Amino acid sequence: MANNSQIGSSSHDPLGRSHSEIGLVVALSILISLTSFLGNFLVVYVIHRDSRLKSLTNIFIQNLALTDIAMALLVMPYWVISLYTGTWIFSERWCEIQGVIQTTLGTASILTMGLIAFNRYFRVVKPEQLYSRLFPSKKMALVYCAFIWIASVLLATPPLYGWGKMVYIPSYGACTFNRKVEDISYVIILMNGVHNTTTAAIFYCYYKIYKTLKESRQNLNAHGATSSERPRTDIRVLKTSFTVVCVFLILWGPVTVVVMMESAEYFVPREFSTAVFFLVFTTSLVNPIIYGVMNPQLRTAFKGALSFGRVSFFSFGP
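In this text, all values refer to a predicted model and were calculated from it rather than measured experimentally.

Undergrad: Go over the pattern of salt bridges, please, and point to the residues and values.
TA: Close approach of charged atoms lets side chains of opposite charge pair. The full count for this structure, using the stated rule, is seven salt bridges. As a salt-bridge pair, Asp50 and Arg52 come within 2.9 Å of each other at their nearest N and O atoms. Because the salt bridges share partners, they merge into one network encompassing Glu21, Arg270 and Glu271.

Undergrad: Could you give an account of the packing of helix α4 (residues 92-124) against helix α10 (residues 270-293), with specific residues and numbers?
TA: Two numbers describe how α4 lies on α10: the axes approach to 12 Å, and their chain directions differ by 40°. In terms of orientation, α4 lies oblique with respect to α10. The crossing of α4 and α10 is left-handed. In this structure, α4 contributes Gln102, Ser109, Met113, Ile116 and Arg120 to the contact, and α10 contributes Phe277, Phe281, Thr283, Asn287 and Tyr291. For the contact of α4 with α10, the residue count by class is five nonpolar, four polar and one charged.

Undergrad: Describe the packing of aromatic side chains, listing the residues and the values that go with them.
TA: Inspection of every chain in the model, using the stated rule, returns 22 aromatic pairs. Centroid distance Tyr78 to Trp88: 6.2 Å. Interplanar angle 35°. Geometry classified as tilted. With Tyr78 in helix α3 (residues 76-85) and Trp88 in the loop between α3 and α4, this pair connects stretches of sequence that are 10 residues apart. An aromatic cluster of at least three residues, connected via ring pairs, comprises Phe60, Phe118, Tyr121, Phe122, Tyr131, Phe135, Tyr144 and Tyr204.

Undergrad: Tell me about the nonpolar core, and please be specific about residues and values.
TA: The nonpolar side chains of soluble globular proteins are, as a tendency, buried together. Residues Val46, Phe60, Trp79, Phe177, Tyr206, Phe281 and Tyr291 are the most contacted members of the largest nonpolar core, which totals 79 residues. Looking at this core element by element, the count peaks at 11 residues for α4. Once residues within four sequence positions are removed from consideration, Phe281 is found in contact with Ile32, Ser36, Met71, Val75, Met76, Trp79 and Gln102.

Undergrad: Tell me about the side chain of Asn63, residues and numbers included.
TA: Turning to its location among the elements, Asn63 is positioned in helix α2 (residues 56-74). Relative accessible area serves as the criterion here: at 6%, Asn63 is assigned to the buried category. Only 3.0 Å separates the side chain of Asn63 from the side chain of Thr112, close enough to count as a polar contact. The residues touching Asn63, leaving out its near neighbours within four places in the chain, are Thr112, Cys145 and Trp149.

Undergrad: Quick rundown of the state of the cysteines? Include the residues and the values.
TA: What makes a disulfide is a covalent bond joining the sulfur atoms belonging to two cysteines. Counted according to the given criterion, the structure contains one disulfide. With a sulfur-sulfur separation of 2.0 Å, Cys95 is cross-linked through a disulfide to Cys175. When the S-S torsion is -120°, as for the bridge of Cys95 with Cys175, the disulfide is left-handed. Here the residue Cys95 occupies a position in helix α4, and Cys175 occupies one in strand β2 (residues 174-177), the gap between them amounting to 80 residues. Residue Cys95 shares its accessibility class with Cys175, and that shared class is buried.

Rules used in this analysis
- Residues numbered from 1 in each chain as written.
- Predicted model: local features only at pLDDT ≥ 70, side-chain atom pairs only at ≥ 80, totals over all residues.
- Heavy atoms only, no water.
- Salt bridge = Lys/Arg side-chain N within 4 Å of Asp/Glu carboxyl O.
- Axes fitted to C-alpha atoms, helices over the stretch in contact; angles between N-to-C directions.
- Helix = DSSP H or I, 4+ residues; strand = E, 2+ residues; numbered from the N terminus.
- Parallel < 35°, antiparallel > 145°, perpendicular 65-115°, else oblique.
- Left-handed = near helix turned anticlockwise from the far one by under 90°.
- Contact = heavy atoms within 4.5 Å.
- Nonpolar A, V, L, I, M, F, W, Y, C, P; charged D, E, K, R; others polar.
- Phe/Tyr/Trp six-rings, centres within 6.5 Å; stacked < 30°, edge-to-face > 60°.
- Core = buried A, V, L, I, M, F, W, Y, C linked by side-chain atoms within 4.5 Å.
- Buried < 20%, exposed > 50% of the residue type's maximum accessible area, 1.4 Å probe, protein only.
- Polar contact = N/O pair within 3.5 Å; in protein donor to acceptor, adjacent residues only side chain to side chain.
- Disulfide = S-S within 2.5 Å.

In structure tokens form, the structure reads like this:
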């Protein structure tokens, strides 16, 4: 007779999950995958559709969308399959390659978000002359994007050469870098030296943007200029900046904590680890909303792309 703890669980599932739990995580993962692809594809489509949208900043936003499209196409399908089976059904070598691909795309994504933050920081906080020197043209923007991809590949591939190791983690349903002591140096460099440093830089940039715009608004209010266009623009930038920081904390904060706990060999419940990895992939879903829908130009382009004649099938509001 089965133990009470096994009642309701799937007898064929390696993780002992119930059929309803498997169905829930698979359905959610498919929804995240499809929505991530469609949302980011729309960002790339509208930018290429309208030459007026091919600005320097939108080049960075497009680069972010491309990393998320690649994540949805190259990584998430294996994540969905692994969540369904409860194990890795492919070869060990392919697990290593998948881990490298995922790490490359994740690093490229966070570095691009950092680049967008730096771009906005120099645009708002620093003198126009300095901004023009750092971001002189669209060609330089493409150079920055190329550098991000090269750096991401270099940071992700050491496990293929013996430094660090990519392993399948059942609670994640994905192959990622090993957190064990023997590979801890690679984890420290990747997480603390790159991801956490970039995160701190992103927060600093948006904090300085907030302070600068707040002081600007106070100066304008003191001179009776509350109805000018500048305050309205400042409010939009502040809303976007606040949203970026909050979403970043919610989606990336938990995984940082879990990685640190697992590296220190603390016990982390499987359900919590699974939920945390869902948050990481959800980043690909919300990026088009933060960097696209909250951008007035792109929002208008979205409406046009998703409208047929006089009937709009999607609306982002006023």
